[in-house]
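Descriptive structure summary
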Amino acid sequence: MQTLVQDVLPAHQGTLVQRRGDGLMLEFESVTGAAAAAFECHRRADAANQGRPGDQHIVLRMGLHHAEVLADGIDLYGAGVQLTHRLAALAQPGETLCTAEVRDELTDGLHASVCDKGERLLPGQDDPVRVYQLQPVGDAPRNLLRWAPESLLPRVAFVAAQNYANPDWNTVCQLVVTELTAAASRVTSWRVISALSTRRLTAQGLQQLDAQGEQRLADYVVQVAWGHSDSTPVISLRCTDVRRQQAIWQQDMAAPPQAWVASQEGLAADMARDLATTLLAREVRIAHDSALHSLPGYALLLAAVGLIHQTTKSASEKASQILEHLAQRHPRCAEVLFSLGNLFFLSGIHGFLPLDRVPTTSLNYLSSAIDVDNEHAGSLGLKRHITELFRIPTDSDPFTASQLTQIFPNDGDVWYYASCSEVDPSSAQPTFSINCAHIAIEVSPLDPQLPLRQTSLAFAHFRANQIEDALHQAKEAVRLNGSHLPAMALLIACHWESGDLDSAKYFANKYMTLRPSACVQAFVKHRTSEQNTLTQRIATALYKSGMPFD
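Residues numbered from 1 in each chain as written. Predicted model: local features only at pLDDT ≥ 70, side-chain atom pairs only at ≥ 80, totals over all residues. Heavy atoms only, no water.

For the rest of this paragraph, the subject is the overall build of the protein. The helix and strand inventory of the protein stands at 22 helices and 13 strands. Excluding contacts between residues fewer than 6 apart, the proportion of contacts in the protein whose partners are at least 24 apart in sequence is 59%. A total accessible area of about 27,400 Å² is found for the protein, and carbon and sulfur atoms account for 51% of it. (Helix = DSSP H or I, 4+ residues; strand = E, 2+ residues; numbered from the N terminus. Contact = heavy atoms within 4.5 Å. Areas by Shrake-Rupley, 256 points an atom, 1.4 Å probe, with all protein chains shown as cover.)

Attention now moves to helix α22 (residues 533-544). Compared with the 16 Å implied by 1.5 Å per residue over twelve residues, the 16 Å span of α22 between its first and last C-alpha is a close match. Among the residues making up α22, those that are buried are Leu 534, Thr 535, Arg 537, Ile 538, Ala 539, Ala 541 and Leu 542. Immediately downstream of α22, the backbone of Gly 546 shows phi near 110°, a positive value. (Expected span 1.5 Å × (residues − 1). Buried < 20%, exposed > 50% of the residue type's maximum accessible area, 1.4 Å probe, protein only.)

Glancing now at the packing of aromatic side chains. On inspection of all chains with the given rule, the structure shows five aromatic pairs. A ring pair is formed by Tyr 416 and Tyr 417, whose centres lie 5.1 Å apart and whose planes are at 50°; its orientation type is tilted. Accessibility expressed as a relative area gives 2% for Tyr 417, which makes it buried. The positively charged end of Arg 537 is found above the aromatic ring belonging to Phe 462, 3.8 Å away from the centroid. (Phe/Tyr/Trp six-rings, centres within 6.5 Å; stacked < 30°, edge-to-face > 60°. Lys NZ or Arg CZ within 6 Å of the ring centre and 35° of its normal.)

With mixed pairing, four strands are arranged side by side in an open sheet as β3-β6-β8-β7. If you trace the sheet from one side to the other, it starts and ends with β3 (62-64) and β7 (113-120), each paired once. Across this sheet, the average inter-strand angle for adjacent strands is 30°, counted without regard to direction. Bridging between strand β6 (residues 96-99) and strand β8 (residues 129-135) involves four bridges; their strand directions are antiparallel. Residue pairing across strands places Thr 99 opposite Val 131, the latter belonging to β8. (Pairing = 2+ DSSP bridges. Axes fitted to C-alpha atoms, helices over the stretch in contact; angles between N-to-C directions.)

Moving on: helix α11 (residues 334-349). Its 16 residues give α11 an end-to-end C-alpha distance of 23 Å, which sits within 8% of 22 Å, the value for a rise of 1.5 Å per residue. Most of α11 is tucked away: 14 of the 16 residues are buried. A positive backbone phi angle near 90° is found at Gly 351, which sits one or two residues after α11.

The next subject is the nonpolar core. Leu 323, Val 336, Phe 345, Leu 382, Ile 386 and Phe 390 are the most contacted members of the largest nonpolar core, which totals 35 residues. When sequence neighbours within four positions are dropped, the list of residues in contact with Phe 390 reads Phe 345, Leu 355, Val 358 and Pro 359. By size, the runner-up hydrophobic cluster in this structure holds 32 residues, among which are Met 512, Ile 538, Ala 541 and Leu 542. (Core = buried A, V, L, I, M, F, W, Y, C linked by side-chain atoms within 4.5 Å.)

Turning our eyes to something else, we now look at the side chain of Thr 96. The residue Thr 96 is located in strand β6 in this model. Classification of Thr 96 as buried rests on a relative accessible area of 1%. Here Thr 96 is in contact with Ala 38, His 42, Met 62, Leu 64, Tyr 132, Gln 133 and Leu 134, once residues within four sequence places are set aside.

With respect to the helices and strands, Thr 99 occurs in strand β6. Among the residues examined, Thr 99 registers a relative accessible area of 1% and is labelled buried. Apart from the residues within four sequence positions on either side, Thr 99 is in contact with Leu 64, His 65, His 66, Leu 83, Leu 87, Val 129, Arg 130 and Tyr 132.

In β6, alternate side chains face the same way, and those of Thr 96 and Cys 98 on one face and Leu 97 and Thr 99 on the other are all buried. Bridge count for β3 against β6 is three bridges, and the pairing is parallel. Looking at β6, one finds that Met 62 is bridged to Thr 96.

On to the pattern of salt bridges. Taken as a whole and assessed by the stated rule, the structure comprises eleven salt bridges. Notably, a salt bridge pairs Asp 7 with Arg 44, separated by 3.8 Å at the nearest N-O pair. Placement of the pair is Asp 7 in helix α1 (residues 2-11) and Arg 44 in helix α2 (residues 31-49), with a sequence separation of 37 residues. Several salt bridges share partner residues, and in doing so they unite Asp 7, Glu 40, Arg 43 and Arg 44 into one network. (Salt bridge = Lys/Arg side-chain N within 4 Å of Asp/Glu carboxyl O.)

Moving on: the confidence of the model for the protein. Scored by pLDDT, the protein has a mean of 79; 83% of the residues are at 70 or more. Mean pLDDT values over the elements of the protein span from 44, in helix α5 (residues 148-151), up to 93, in β3. Counting contacts from residues 202-215, a segment whose pLDDT is below 50, to residues more than four positions away or on other chains yields 25 contacts. Confidence drops under a pLDDT of 50 for residues 423-428, and excluding neighbours within four residues, the segment shows eleven contacts in the predicted structure. (pLDDT = per-residue confidence, 0-100.)

Right, dumping it as structure tokens:
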């Protein structure tokens, strides 16, 4: 800071107007001088950062604007001053932004390299402001992401609650906020928003988005309020998780304001460490419970999903190995747990596992997924489907299949499970199932489960005795996945009931080629009930088309 004031500003006809927290208000005689000074500041900060760990880097954000202002010898006033503040807040670490008024005073390629960043909505501005990025001529584009590891740390802001009944209390709160901000800045497990930036936060707008609407200013906001209890002064601290809109930590301290001041090991330091411990544990839990954190993890999950829907025993076994590995590494990832539940369910339906193992194992995985994320649509839908399919009484499912489609109208899994939720012909609702299957396909046309959804649509038409439509959809399902035996069995039944015995026999032979041990008795065994009319119709068609009975 001293070098900046003594060397950089005089060299570019600049003046230090005021220090504001960790920010500076500077005034220059010319736009070119301001731009040159900004570049010099960045160069000196980069040089100072050499050899330092990332969390100790000095990183500058700068905003430049050219406007008439009012001066009283102490500070500058006017709309232009506020706009400059907004630009500095908008800039990324290591970036210099300016307005069109500054751009017009510079020659692109001579004084600076100018990049148009487009129009941005800034607080306090009625109209969008055109923003430009400046950097020295000939310099490679600044790597604004070099501090990426540190940027993963949670951002914490300390703000004073406004007390309009007793304004004197606001001064006390601001004093505590200043001490807490300083104490918290010495903790390395988070990033503390500067006192200058926290002025953008108010008690009424703790979840305010930044000017671009791209990210929140802080992940956590600690609000400081001041009051009395039995004539004893009380400082109340309340931490809110802005992302989830939850209050997660609160402390009420009966202590005089001076207890918060001065010493690095005082009350402010104790509170900062206590809060840091709480937030660190919370961030670890959130990371543990969230989706997979790495590209290899996602790649493995996608590979497993693809294998599941190949509907072969070897592919299912490989999928099981991958998912069990992911479950060991990420035991509270809802998507992995859901995929395991889905894998066991489909393996039982396709005959790769004994059917009596399916409900318990699948429901255990699905219940674990719902424990992690009680709004995981796929797990809720599949759990409801399994309990209905195997007629398992349960009091833990608060929603019907139809209600789930209303809660998650854009989730293809929910619509798919709803389309095949009615398994008892006496209570079947063909129109409902047909509509759900159509929507399942429409909302997720590229989903790996598309052959299953196409099969569900074909079954819905078949159950409604719409044989021609069922035949068309079954053909499409087999085209999408030629080894999907339930779709092929339905295709055989559609051909047989439509009178095309030759096609029925052709696909029956193909079915038995894919599964040499296939027989009608095994097909019925792997269905929920021999009394199910739909199962009996398909079993009859398989037998009439040449499949052995046992």
